[in-house]
Amino acid sequence: MNTKLKVSEISKIYPGCIANDKVSLEFGSGKIYALLGENGAGKSTLVKILSGVVKPDKGEVFLNDESIKLNSPLDAKKNNIGMVFQHFNLFETLSVFENLSIDSDKKDEDLRVLVNDILKKYNFKIDLDVPVLNLSAGQKQKVEIIRCLIRNPKVLIMDEPTSVLTEQETDDLFISLKKFSKDGILIIYITHKLKEVLSLCDEVAVMRKGKVVSVSNTIDEKIESLANKMVGENLNTIKKKINNFKNSEEILKISNLNFKSDDPYETNLNNLNLSLKKGECLGIAGISGNGQNELFQILSGEIITEGTSIMFRNKEIGKLNPRERREYLMAFSPEDRISQAAVPELKIYENVALNNFKSSNFFEKGLVNEKKIKEHSKKILSNFSVNTDNVELKSQFLSGGNLQKLIIGRELITSPELLVCFNPTWGLDVGAINYIHETLIQINEQGKSSVLISTDNDELLKLSDRICVIYKGKLSKIMNADTVTAEKLGILMGGGSID
Amino acid sequence: MEVQLIKIEKRNDVSRSIYFLTPVLAIFLTLFGGGIIFYILGFNPIEALKFFFITPISDLYGLSELLVKATPLCLIAIGLSFCFKSNNWNIGAEGQLIFGGIVGGGVALLFYNHDGFYVLPIIILSGAIGGMLFAMIPAILKTYFNTNEILVSLMLVYVAKLLLDFLVVGPWSNPEGFNFPETRQFSESARMPILFEGLRIHAGIFITLITVFLSWLILFKTYLGFQIKVSGLSLKTAKYAGYKGKTMIIIVFMISGACAGLAGVGEITGPIGQLHRNISPDYGFTAIIVAFLGRLNPVGIIFASLIVALTYLGAETAQIFLQVPKYTGQVFQGMILFFLLGSDYLLFFKIKFLGLKKNEL
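Novice: Which parts of the structure should I look at to understand the overall build of chain A?
Specialist: Tallying secondary structure elements over chain A gives 17 helices and 23 strands in all. Its C-alpha atoms give chain A a radius of gyration of 25 Å, near enough to 23 Å, the size a compact globule of 499 residues would have. Expressed as lengths along the three principal axes of its C-alpha atoms, the size of chain A is roughly 70 × 45 × 45 Å. Out of the 499 residues belonging to chain A, those deemed buried represent 43%. For chain A, restricting intrachain contacts to residue pairs at least 6 apart in sequence, the fraction spanning at least 24 positions comes to 69%.

Novice: How do you make sense of helix α10 (residues 245–272) of chain B when you look at a structure like this?
Specialist: Side chains of residues three or four places apart in an α-helix project in the same direction, reflecting 3.6 residues per turn. Residue and element names in this part refer to chain B. For α10, built from 28 residues, the straight-helix expectation of 40 Å at 1.5 Å per residue is met to within 8% by its first-to-last C-alpha distance of 39 Å. In terms of burial, α10 is largely enclosed, as 22 of its 28 residues are buried. One or two positions beyond α10, positive phi appears at Gly273, with a value near 85°.

Novice: Sorry, what's going on with the environment of Asn228(A) here?
Specialist: Along the chain, the position of Asn228(A) falls in helix α8 (residues 223–231). Residues Asn228(A) and Ala486(A) lie 258 residues apart in sequence; the distance between their C-alpha atoms is 6.6 Å.

Novice: Sorry if this is basic, but what is going on with the sheet that holds strand β8 (residues 186–191) of chain A here?
Specialist: Backbone hydrogen bonds hold the strands of a sheet together, and the pairing may be parallel or antiparallel. Residues and elements named next belong to chain A. The mixed open sheet is built from six strands, whose spatial order is β6-β7-β8-β3-β9-β10. Of all the strands in the sheet, just β6 (81–84) and β10 (211–217) have a single pairing partner and so form its edges. Strand-to-strand twist of the sheet, defined as the mean angle between neighbouring strand axes without regard to direction, takes the value 20°. The pairing of strand β9 (residues 203–208) with β10 spans six bridges and is antiparallel.

Novice: Explanation requested: the interface of chain B and chain A in the structure shown.
Specialist: Often the size quoted for an interface is simply the accessible area lost on bringing the parts together. Each partner contributes residues to the interface: chain B has 14 residues there, and chain A has 20 residues. Within the residue set of the side of chain B that touches chain A, elements represented by two or more residues are α8 (223–233) and α9 (235–241) of chain B. Residues of the side of chain B that touches chain A, tallied by class, amount to seven nonpolar, four polar and three charged.

Novice: Would you explain the domain arrangement of chain A in this entry?
Specialist: Residue and element names in this part refer to chain A. Annotation of chain A at the domain level lists domain 1 (4–231) and domain 2 (250–493). Centre-to-centre separation of domain 1 and domain 2, based on C-alpha positions: 35 Å. In this assembly, 13 residues from domain 1 lie in contact with 12 residues from domain 2. If you tally residues by element for the side of domain 1 that touches domain 2, the top one is α8, at six residues. Here the side of domain 1 that touches domain 2 is built from residues that sort into six nonpolar, five polar and two charged.

Novice: Where do I start with the packing of helix α4 (residues 93–110) of chain B against helix α6 (residues 149–169) of chain B in this structure?
Specialist: Each pair of packed helices gets described by two things: the angle between the helix axes and the distance between those axes. Residues and elements named next belong to chain B. Two numbers describe how α4 lies on α6: the axes approach to 7 Å, and their chain directions differ by 30°. With respect to α6, the axis of α4 lies roughly parallel. When the axes of α4 and α6 are compared, the crossing they make is left-handed. On the side of α4, the interface is formed by Glu94, Gly95, Ile98, Phe99 and Ile102, while α6 contributes Leu156, Val157, Val159, Ala160, Lys161, Leu163, Leu164 and Leu167.

Novice: Before we go on, may I ask you to explain the pairing of strand β13 (residues 281–285) of chain A in this structure?
Specialist: Residues in a regular strand point their side chains to alternate faces of the sheet. Residue and element names in this part refer to chain A. Most of β13 is tucked away: five of the five residues are buried. Of the two faces of β13, both are covered, the one formed by Cys281, Gly283 and Ala285 as well as the one formed by Leu282 and Ile284. For β13 and strand β20 (residues 449–453), the ladder comprises four bridges, and the chain directions are parallel. Residue pairing across strands places Ile284 opposite Ile453, the latter belonging to β20. As paired strands, β13 and strand β21 (residues 466–471) are joined by four bridges and run parallel to one another. Residue pairing for β21: Leu282 is matched across the bridge by Arg466.

Conventions adopted
- Residues numbered from 1 in each chain as written.
- Chains lettered and ligands numbered in written order.
- Predicted model: local features only at pLDDT ≥ 70, side-chain atom pairs only at ≥ 80, totals over all residues.
- Helix = DSSP H or I, 4+ residues; strand = E, 2+ residues; numbered from the N terminus.
- Rg over C-alpha atoms; globule rule 2.2 N^0.38 Å.
- Buried ≥ 20, exposed ≤ 12 C-beta atoms within 10 Å, placed from the backbone.
- Contact = placed C-beta atoms within 7 Å.
- Expected span 1.5 Å × (residues − 1).
- Pairing = 2+ DSSP bridges.
- Axes fitted to C-alpha atoms, helices over the stretch in contact; angles between N-to-C directions.
- Nonpolar A, V, L, I, M, F, W, Y, C, P; charged D, E, K, R; others polar.
- Domains from an automatic or database assignment.
- Parallel < 35°, antiparallel > 145°, perpendicular 65-115°, else oblique.
- Left-handed = near helix turned anticlockwise from the far one by under 90°.

Listed below in structure tokens is the structure:
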């Protein structure tokens, strides 16, 4: 069984972003292909096009030299293209077998024989009659894979399959994938983990900003070379003036912090240590989903941790909730500005009232002091040049940039000692990005500190005094920003290590 | 085969005046739908609707009855609006009403043969506390054991009903009552004062009006109200702002339960005057419709409670004059909710026709 899959000149444009820019790639059976890239590089869009979820604006897909139309996931199935998504699509309360039989047109008896054959052939150990909710993440993934195998796939696409797996399960998965490949199934493996590419794949295509920047044999590559290609070498743009904080006062100290989540899609944090000086900006790089969300919530108090691990200005704050932390002059700007940092249905002044603490007097004796809140809101609108002066306007009518200015303004107008922000500029236009960046530099100059969690490396290098990388819930060592190179950052983000 | 492709999209902005007008539209659609039902049953629709909606309130007695029915509906719905606004689905107001009635009724029986101005306030207060405690069961189970409050609060309705059944048949039944399943008549000082001689309208209406005012104050003018509003719109934001989610769930259930308990105690000390098996014609469930018809807004709920109360009265008149079962009233309540949800859907979403497409399935 020889399969050739070819994508030719595929382009997909979303408003404000070119997700795929004339992507052409060729794959043949018998090999495992890696598709490597950062967040937003265009991997997911390409995979969605191949699985029929998204239609390309231009370009064609060829299977064995025949042009195929992939208008829906059903078309992908008809052409024997199987896909295992990062998040499982299983009915938790149904049994494994019921899950498999739902989208199969075979008779139950025939299906059971077929599934048992597959289990035997690939040495999968799964009880078909237990409810899916009793399975581990690795077993659930096997169920998804079996679901594809039932249909005799020619192509199997795996989207970041190891993000929810343990080390052991990852090893198991690799063994299975190699077997599939031997049996003639063409495997496309999407990842941003460099080690996995080297240990599993035969060929690697690297994508950056919607384009394919390189296609090569993995034998010819090293972690460093892949990192360079993935992150890009044009990183050393404008940098902030690096200061020396040796003698400054320590503002924030986290020691030996652990966080274990019950949710398999969340990342556990292991043994985090960091410290921050007055006036300093600490950048935290990493590919999204490596624990940034959890780290932000731990800093903001949305996740409460055991008492002894977070010190802020020599006070223990681990047990305090976000409102209580604000009393100690901390401020937070979350990643999700539309459904977390602000509520679109609320008016501007009501959104301002979300950042409430005692001295603001927004609520006196439990009553709303609307006049005070509105005065305060007016001040934010003018000080942070938000494009309106109507505090009664619903926030949903603000553009992303203006909403982010409002949020940053709300957090900063109280002169906090520390601002924690998470991807403060995603999705914004250049003007707004510059404004936010200038503001963040300004607060450092005023002697206030900041933690910048970001997936945008340019932003990190521009604003940070020191940088570290978070990978699988662990922090790398913290480096001075002037010693950081694209290569180092790329290696660390992909799970490699540097001396 | 060619099929029409339809896409449903969220509307970006919904005007506030239309938002408060759709309940009125729903009521007109209900009248229209009701007319059709009466027509199918062989009645003159105009005449039948007149019997249903005009005759019952064409005299002073009828108006008084309207207020007697609206009083508990409004009170319960106000309480529920606290829960619903903050995304807590308390479906068990009927149970909280009954439990409030049981506790209030128990105290009333305790004060049997007592006279004094203090008796009634104590009964009312104990009824409110009873409802409140009963509502705290689903709240505490939700906050500490992650149970589903819809199921728990609904199932507790039957617990309360069976408990009431047991009490009025067994330990609390009237010793001189020939084994009828009811308690003694409460003494005069345990009864709500009647406002007008010859009519059933009682002082409970003042409790309702005061509650409406206090609720408006809490919802729109206090920090608690602001927190309820934010949590209802986005739990993530509430968490980020540092609101104490668990405490708030318990508080809204307490408010809601206390209101339902007050309604229960208002019924037994008002029009009923004793405990028996059927102290509520499903006021606790119907109040859910009232709350939504009134847009969870205190003033809206006043109007909604009057309209829904009218369906109770209309059903009784229709039973007498048209010989249709009194459950027609529930049909009308169902239609109001149906049309309200329907028009809300069209209010918040628009349907786009994308044209014909070949169906390849």
